[in-house]
Number of protein chains: 2
Amino acid sequence: MNDVISTILNHRSIRHFEDKPLTDEQIHTIVSCAQAAATSSFIQAYSIIGVKDKEKKKKLAELAGNQEYVEKNGCFFVFCADLYRHTIIGKKEQKNVASSLESTEKFMVAMIDTSLAAQNAAIAAESLGLGICYIGGIRNNLEEVKKLLHLPDRVIPLFGLAVGYPSHITDKKPRLPLKHVFHVDQYEQDMERYNRQLDEYDQLISEYYETRTNGQRKDRWTQQIANMLSKQNRMYMKEFIQKNKLDLH
Amino acid sequence: MNDVISTILNHRSIRHFEDKPLTDEQIHTIVSCAQAAATSSFIQAYSIIGVKDKEKKKKLAELAGNQEYVEKNGCFFVFCADLYRHTIIGKKEQKNVASSLESTEKFMVAMIDTSLAAQNAAIAAESLGLGICYIGGIRNNLEEVKKLLHLPDRVIPLFGLAVGYPSHITDKKPRLPLKHVFHVDQYEQDMERYNRQLDEYDQLISEYYETRTNGQRKDRWTQQIANMLSKQNRMYMKEFIQKNKLDLH
């Protein structure tokens with residue numbers, strides 16, 4: 001196994017960091033790696049806000065549901081889908097690009113571009129001995145996040161990435177069975193097998209929690225996920241995205 | 001520079017592959033790496049179809065706009081946002097999850113999850129000496145792609161990933177200036193600097209094309225992108241996604 005594969009397979013989310021900021025050189029490396037990711041038709045539809053200001057980090061931590069590690073880390077990166085740049089480009093080149101930029105297709109492109117870049121950043125950081133945690137919680141209140149970071153229209157913060165020196169290492173969580181996620185030539189057609197895989201995984205996850213919590217918790221994966229999905233969450237998103245002139249048609 | 005960083009920074013898209021299939025072991029490693037990526041609230045909202053069947057690959061190549069490397073490679077992976085799994089989970093656990101699954105928020109979560117997994121797969125493949133190319137062209141006709149791969153509702157193919165042994169290595173394309181993409185504490189407020197960065201990059205890209213094509217081509221980046229965006233593309237997407245019971249509210 002090479003170093004790249006072992007770094008990737010060794011991933012776990014880190015939620016406790018030392019009080020030690022990243023150096024500019026580390027940040028430069030992480031962002032350069034983000035930029036090296038593939039980008040759809042060379043569109044480069046993202047921006048990254050590196051939040052260093054302590055007050056801003058504190059505010060972001062509150063907005064993300066009082067997650068301490070949003071405030072306490074080495075640097076907090078906010079990954080944004082960015083089609084504002086392309087609005088400017090349209091003006092510069094005197095081309096009518098609005099209809100494209102407002103389409104669901106380009107909203108998808110921007111989200112994919114941003115996420116590919118972020119995962120490069122995450123892996124690069126981990127290879128430097130740093131820990132990372134993705135923070136979807138910033139989507140709790142994107143209006144406030146946008147104001148705080150002075151983001152223009154068509155720039156949507158998708159998630160944060162807390163990066164820093166780990167002070168506590170967590171366990172890796174077992175993933176779905178590979179065969180449940182990877183299908184050859186067509187999607188699984190045998191629903192009996194499909195459900196059996198879920199049952200086996202439920203058993204595995206239940207045992208994982210039981211061991212880790214000394215028997216206090218033993219929920220199954222499907223139970224945990226169905227509970228989460230039965231509650232509505234961030235239902236303002238469609239309106240927010242469309243107010244930002246994206247995903248309109 | 002460690003091996004992980006150098007692998008990431010060395011990325012370029014490969015469009016010519018040897019006629020040599022990946023081994024099952026290589027595929028297993030690549031998919032395991034994909035699965036090791038972070039996943040929002042443990043939701044694991046993606047599936048990967050590994051297309052090995054020659055006829056299916058040929059058909060996909062046609063659908064993607066006659067891109068030969070979709071047919072000729074070591075394996076063609078189709079990365080799909082998958083909330084069908086969660087429809088099944090809802091039934092299994094007798095929870096009403098439809099409203100969640102139909103939300104823009106969960107559509108975004110599924111796209112982000114899928115893309116993070118894909119980038120791990122891409123980096124893992126490159127670390128094994130393989131080349132990769134993301135294929136957005138499969139979004140030209142998702143209805144046909146879905147039929148070909150027997151994908152159920154709420155499974156959306158986002159892009160393909162052609163992986164194989166490179167037979168021709170291309171140049172790396174210079175990215176936007178780091179400072180244009182990375183902003184500290186707030187989005188760039190100085191529009192003069194913002195536009196100057198675009199001008200400098202235009203110059204760089206123009207020279208890049210000129211050198212590479214012996215002077216036959218010297219388009220600027222903003223020109224290229226504005227031209228692309230002035231044409232409407234895949235405008236059926238919104239209707240298609242919503243027909244698949246996603247991004248509805």
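The rules behind these values
Residues numbered from 1 in each chain as written. Chains lettered and ligands numbered in written order. Predicted model: local features only at pLDDT ≥ 70, side-chain atom pairs only at ≥ 80, totals over all residues. Heavy atoms only, no water. Salt bridge = Lys/Arg side-chain N within 4 Å of Asp/Glu carboxyl O. Domains from an automatic or database assignment. Pairing = 2+ DSSP bridges. Helix = DSSP H or I, 4+ residues; strand = E, 2+ residues; numbered from the N terminus. Axes fitted to C-alpha atoms, helices over the stretch in contact; angles between N-to-C directions. Contact = heavy atoms within 4.5 Å. Core = buried A, V, L, I, M, F, W, Y, C linked by side-chain atoms within 4.5 Å. Buried < 20%, exposed > 50% of the residue type's maximum accessible area, 1.4 Å probe, protein only. Parallel < 35°, antiparallel > 145°, perpendicular 65-115°, else oblique. Nonpolar A, V, L, I, M, F, W, Y, C, P; charged D, E, K, R; others polar. Buried area = accessible area lost by both parts, 1.4 Å probe. Polar contact = N/O pair within 3.5 Å; in protein donor to acceptor, adjacent residues only side chain to side chain. UniProt positions renumbered as here; feature names shortened; annotations may be inferred.

**Things to note about the pattern of salt bridges**
Item 1. Enumeration over the complete set of coordinates arrives at 35 salt bridges over all chains.
Item 2. For Glu188 of chain B, the salt bridge is made with Arg193 of chain B, and the minimal N-O distance between the two is 3.1 Å.
Item 3. Through salt bridges with shared partners, a single ionic network connects Lys92 and Glu93 of chain A together with Asp199, Asp202 and Arg220 of chain B.

**Details of the domain arrangement of chain A**
Item 1. Split by domain assignment, chain A resolves into domain 1 (3–171) and domain 2 (178–229).
Item 2. Relative to domain 2 of chain A, the C-alpha centre of domain 1 of chain A lies at a distance of 29 Å.

**Considerations on the sheet that holds strand 5 (residues 182–184) of chain B**
Item 1. The five strands are arranged 3(A)-4(A)-2(A)-1(A)-5(B) in an open sheet whose pairing can be described as mixed. Edge positions in the sheet fall to strand 3 (131–135) of chain A together with strand 5 of chain B, since each of these pairs with one other strand and no more. Taking each pair of neighbouring strands and ignoring which way they run, the sheet shows an average axis angle of 25°.
Item 2. In the sheet, strand 1 (residues 46–51) of chain A pairs with strand 5 of chain B via three bridges, with the strands oriented parallel. Bridged to Ile49 of chain A within strand 5 of chain B is His183 of chain B.
Item 3. Helix 7 (residues 104–127) of chain A rests against strand 1, strand 2 (75–82), strand 3 and strand 4 (155–164) of chain A of the sheet, and its axis sits at about 5° to strand 4 of chain A.

**Observations concerning the nonpolar core**
Item 1. With 170 residues, the main nonpolar core has Phe77 of chain A together with Phe77 of chain B as its most contacted residues.
Item 2. With sequence-adjacent residues up to four places away left out, Phe77 of chain A is seen in contact with Leu22, Ile27, Ile30, Val31, Ile48, Ile49, Gly50, Phe159, Gly160, Leu161 and Val163 of chain A together with Phe182 of chain B.
Item 3. Listed in part, the 14 residues of the second largest apolar core include Ile5 and Ala124 of chain A together with Ile5 and Ile123 of chain B.

**Topic: the packing of helix 5 (residues 84–92) of chain A against helix 11 (residues 221–230) of chain B**
Item 1. Taken N-terminus to C-terminus, the directions of helix 5 of chain A and helix 11 of chain B make an angle of 100°; their axes are 9 Å apart at the nearest point. Judged by the angle between their axes, helix 5 of chain A and helix 11 of chain B are roughly perpendicular. When helix 5 of chain A is examined against helix 11 of chain B, the residues Arg85, His86, Ile89 and Lys92 of chain A are found in contact with a partner set consisting of Trp221, Thr222, Ile225, Ala226 and Leu229 of chain B.
Item 2. The residue inventory of the contact of helix 5 of chain A with helix 11 of chain B, partitioned by class, reads five nonpolar, two polar and two charged.

**What to know about the environment of Gly65 of chain A**
Residue and element names in this part refer to chain A.
Item 1. Checked against the element boundaries, Gly65 lands in the loop between helix 3 (54–63) and helix 4 (68–71).
Item 2. Using a relative accessible area of 45% as the deciding quantity, one classes Gly65 as partly exposed.
Item 3. Placed 104 residues apart in sequence, Gly65 and Ile169 show a C-alpha to C-alpha distance of 22 Å.

**Quick look at the interface of chain A and chain B**
Many descriptions give the size of an interface as the accessible area lost when the pieces come together.
Item 1. Contact with chain A, which involves 122 residues of that partner, is made by 123 residues of chain B.
Item 2. Across the chain A/chain B interface, buried area totals approximately 10,300 Å², and carbon plus sulfur atoms make up 65% of it.
Item 3. The interface formed by chain A and chain B contains twelve salt bridges.
Item 4. For Lys92 of chain A, the salt bridge goes to Asp202 of chain B, with nearest N and O atoms at 3.3 Å.
Item 5. The interface formed by chain A and chain B contains 70 residue pairs in polar contact (both at pLDDT 80 or more).
Item 6. Tallying contributions element by element places helix 7 of chain A first for the side of chain A that touches chain B, with 15 residues.
Item 7. Partitioning the side of chain A that touches chain B into residue classes produces 62 nonpolar, 38 polar and 22 charged.

**Focus: the environment of Thr114 of chain A**
Residues and elements named next belong to chain A.
Item 1. By the element assignment, Thr114 lies in helix 7.
Item 2. Linking Thr114 and Gln44, residues 70 residues apart in sequence, is a C-alpha distance of 8.3 Å.
Item 3. Beyond its immediate chain neighbours, meaning those up to four positions away, Thr114 contacts Ala45, Tyr46, Phe79, Cys80, Ala81, Leu158 and Phe159.
Item 4. Separated by 2.5 Å, the side chain of Thr114 and the backbone oxygen of Ala110 make a polar contact.

**Focus: the UniProt feature "coiled-coil region" (unreviewed entry) in chain A**
Item 1. Feature annotation in UniProt places "coiled-coil region" (unreviewed entry) on residues 184–211 of chain A, given in this structure's numbering.
Item 2. Between the C-alpha atoms that bound residues 184–211 of chain A there is a distance of 34 Å. The span itself is 75% helix and 4% strand.

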